[in-house]
Amino acid sequence: MIPLLKRIFRTGILTEPPVERSGEMAPIDRLHDEIIAILGRALTIREVDAGSCNGCELEIHALNNAYYNIEGRGIKFVASPRHADMLLVTGPVTKNMENALRIAYDCTPDPKLVVAVGDCGCNGGIFGDSYASCGAVDNVVAVDIRVPGCPPTPLALLHGILSAVKRA
Amino acid sequence: MLFHAEPIEFTAQEGVGAPVWRGRAVDGEDLSRFAVSVHRHDGRLAALWGEDLRRQGGGYRLHCIFALEEGHTWVCLDLPADDPVCPDLAGIFPAANRMQRATRDMVGIAFAGGDQRPWLRHGAWPEDWYPLRHDTPAPPEGIGFANLPSDYQFVQVGGEGAHEIPVGPIHAGIIEPGHFRFTVVGERVLRLEQRLGYQHKGVEKRFIGMTLAEGSRLVGRICGDSTCAYAWAYAVAAETACAVEPSGRALGLRALMLERERIANHLGDLGALGNDAAFAFGLTQFMRLKEDWLRLNARIFGHRFMMDGIVPGGVAADIDALALAEIGAQCNVLVAEVKALRAIYDEHPGLQDRFLTTGIIDADLARELSLSGIAARATGLLLDGRAWRSDYEPPVPYAGLGVRPASDDRGDVAARVAVRFDEVFESLRLIRAIAGTLPSGPVRIDVPPTPGAEGLGVVEGWRGEVIVGLRLDGEGRIARAHPHDPSWQIWPALEHAVLKDIVPDFPLINKSFNLSYSGADL
Ligand code: SF4
């Protein structure tokens, strides 16, 4: 127990302010404040991998690490689309996932936000449209915000999520 | 050269990759006999795919990669254009089951006997429409094929009190899609049947007609967490096909990237495994270390996962002495951090209670299922393509590094955790050794494509053995590329590992393997 506590203590708080694209530092809790102002509570996200290579998922996972501390900023990943305000969708949407994505979308209560993640989610990326791929997410469900990148960095994801909330 | 005194004559593939021998089976019987002999000598079925050669005046061709003690044998079997039927190898190597079904779905090569259910084809295209045949007509203009729900025949299990729990394709966490069908009695898992293919996005068809450079970008995006392993295996295939040898410096830098990729994934998994056993501290600590690690990747290699860092002919960019020093310094920090965390993991009774005796597979099963990588080493098998074995010489630069393969014969989650810890330390040692002895030389040379040439690359990725087979067309573009993920073989092992355990242990067992969906669904 003692080494464990010592490690927690030594690690300290690592959370960084999210840096704006322009290079300016945004106040650490602005994101949190904006989410609370708009939604009145935490933002809940259901992540749907509709065909990615898993690279985008690695960066979405990173959002949960202490540096980005997404949960500390009032954003929570949930297990069911029924509990979600937002769908965060990666992949080119494979034909084999097309129906599942539609079902997840229909299960998400209105008003819902959809963020398409990665070059693949935005435009089909390197995989494009084919017999097996529907390409961009918005070929299957309506998309509010696109976050390009292969994969997009955690900061780009954070900004994409925030701009979707602002649009709502 | 002959193996096991079987009649197939082999010739060695030239080049600097892992040792590969090519041979040709005269008929199906010849192939089956060789497969039986490989099996008898504890060899593995490493990959299997099909190819349409009718445009070249042939019929179809089946490619089988068998892993022997000495290295990999690449055996081809030519099949007639009018009736391409192969013997069913799944009776010899159970790992053949899904690969054969995928080969049938993609190329239309039939297998005489065995499981005839589709694998990659769900309901998105017709049964007699084969994506990898050259004369397959384009899908209907604009609308494409109707995407029909498929009625997949799961194996039914009866018995009193038995019921089914279907899970997926979308899972509760942030992970890739796939379907798991559990049959349980109470909490106990009686049977697990997987149904995958949800990530199938037409990768193999996409390769056709690409230049070597375009193919390199695509291969690095088949399985994001293993982008370096795939890019390296592909590069070896391209370089051997085109008779080009990258410099010692380029090979050293590739190994540096591959070991960094291994460590990044192990750190993430060690954290997630702690978390799945309700020890969130582990996740927080390991994810912080992983983030530091990825940030240095971004600074030095220009990308957090080093995508497109390894290219045919070498690596995309050189790194300077300052960067090498930074890498060394980071290794020193990580050694101390991971040692401290390992002590905490080892002494945490709650964690050990969840890890020990959970999700067991033994060495016999690992051999039977042709496993490679962590999954095999955590049953005590000393299989590591980077390490010397009695008859096996690892490729440059590993031959000179004396890699010590991690191993633990318990076969449970605890063993897979221990192997990951050991591999983190070994890779840290390797990185420092590589950084300290990096020869000078060009980091990238030209790879002029040789029309019609073929090559095979095998790389020990963090999860297991990644294989890429490549053939160029008359213009030097890609005629066929087949990437093979180690998950093909390890997924069925997961079906065995959960037996006797309870449903709530599944996420932990699953994570201890952390298999790729996209890599095997293509
Ligand atoms: S955008 Fe890049 S990282 Fe994301 S799924 Fe596509 S290829 Fe993978």
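Some words on the confidence of the model for chain A
All names here are of chain A.
Okay, step 1: Looking at chain A as a whole, its pLDDT mean stands at 87, while 90% of the residues score no less than 70.
Okay, step 2: Per-element averaging of pLDDT across chain A places helix α2 (residues 30-39) at the bottom with 72 and helix α5 (residues 118-123) at the top with 97.
Okay, step 3: Ignoring residues within four places in sequence, the model shows residues 21-25, a span with pLDDT below 50, making four contacts including any to other chains.

Description of the pattern of salt bridges
If the charged atoms of two oppositely charged side chains come close together, the side chains can form a pair.
Residue and element names in this part refer to chain B.
Okay, step 1: Scanning the entire structure with this criterion turns up 48 salt bridges over all chains.
Okay, step 2: Note that E426 and R404 form a salt bridge whose closest N and O atoms lie 3.1 Å from each other. One end of the pair, E426, is in helix α12 (residues 413-436); the other, R404, is in the loop between α11 (373-377) and α12, with 22 residues separating them in the sequence.
Okay, step 3: For E426, a relative accessible area of 8% gives the class buried.
Okay, step 4: Each member of the salt-bridge network shares a partner with another, and the members are E259, R262, R377, D384, R386, E423 and E460.

Remarks on the domain arrangement of chain B
Residue and element names in this part refer to chain B.
Okay, step 1: Along its sequence, chain B is carved into domain 1 (10-112), domain 2 (161-201 + 485-522) and domain 3 (245-445).
Okay, step 2: Placing the centre of domain 2 and that of domain 3 at their C-alpha centroids yields a distance of 25 Å.
Okay, step 3: At the interface, 17 residues of domain 2 touch 21 residues of domain 3.
Okay, step 4: Counting each side, the surface lost to burial between domain 2 and domain 3 is near 1,500 Å², with a carbon and sulfur contribution of 64%.

Focus: the nonpolar core
Okay, step 1: Of all hydrophobic cores here, the largest spans 164 residues; its most connected members are F66, F207 and F355 of chain B.
Okay, step 2: Top contributing element to this core by residue count: helix α5 (residues 227-241) of chain B, with 12 residues.
Okay, step 3: Residues within four places of F66 of chain B in sequence aside, it is in contact with L31, F34, A35, V38, R44, L45, A46, G71, H72, T73, V75 and F93 of chain B.
Okay, step 4: Core analysis: the next-biggest nonpolar cluster, separate from the first, contains 25 residues, C56, Y68, L157 and L158 of chain A among them.

What to know about the interface of chain B and chain A
Okay, step 1: Taken residue by residue, the interface counts 53 residues in chain B and 50 residues in chain A.
Okay, step 2: Here chain B and chain A share an interface that buries about 4,200 Å² over both sides, 61% of which is from carbon and sulfur atoms.
Okay, step 3: Joining chain B to chain A, the criterion identifies two salt bridges.
Okay, step 4: We note a salt bridge from R7 of chain A to E337 of chain B, for which the minimum N-O separation is 2.7 Å.
Okay, step 5: Run the count over chain B and chain A and you get 30 residue pairs in polar contact (both at pLDDT 80 or more).
Okay, step 6: Listing elements by their share of the side of chain B that touches chain A, those giving two or more residues are α3 (203-207), α4 (212-219), α7 (280-301) and α8 (321-347) of chain B.
Okay, step 7: In terms of residue count, the dominant contributor to the side of chain B that touches chain A is α7 of chain B (eight residues).
Okay, step 8: Of the residues belonging to the side of chain B that touches chain A, the class tally is 26 nonpolar, 13 polar and 14 charged.

Quick notes on the sheet that holds strand β5 (residues 145-147) of chain A
Residue and element names in this part refer to chain A.
Okay, step 1: A sheet is described by the order of its strands in space; here five strands give the open sequence β2-β1-β3-β4-β5, paired in parallel fashion. Unpaired on one side and paired on the other, β2 (75-77) and β5 mark the two borders of the sheet. Geometrically, the sheet is characterised by an average inter-axis angle of 25 degrees between neighbouring strands, direction not taken into account.
Okay, step 2: Bridge analysis of strand β3 (residues 86-90) against strand β4 (residues 113-117) gives five bridges, and the strand direction is parallel. When the sheet's bridge partners are listed, L87 is paired in β4 with V114.

Criteria and thresholds
Residues numbered from 1 in each chain as written. Chains lettered and ligands numbered in written order. Predicted model: local features only at pLDDT ≥ 70, side-chain atom pairs only at ≥ 80, totals over all residues. Heavy atoms only, no water. pLDDT = per-residue confidence, 0-100. Helix = DSSP H or I, 4+ residues; strand = E, 2+ residues; numbered from the N terminus. Contact = heavy atoms within 4.5 Å. Salt bridge = Lys/Arg side-chain N within 4 Å of Asp/Glu carboxyl O. Buried < 20%, exposed > 50% of the residue type's maximum accessible area, 1.4 Å probe, protein only. Domains from an automatic or database assignment. Buried area = accessible area lost by both parts, 1.4 Å probe. Core = buried A, V, L, I, M, F, W, Y, C linked by side-chain atoms within 4.5 Å. Polar contact = N/O pair within 3.5 Å; in protein donor to acceptor, adjacent residues only side chain to side chain. Nonpolar A, V, L, I, M, F, W, Y, C, P; charged D, E, K, R; others polar. Pairing = 2+ DSSP bridges. Axes fitted to C-alpha atoms, helices over the stretch in contact; angles between N-to-C directions.

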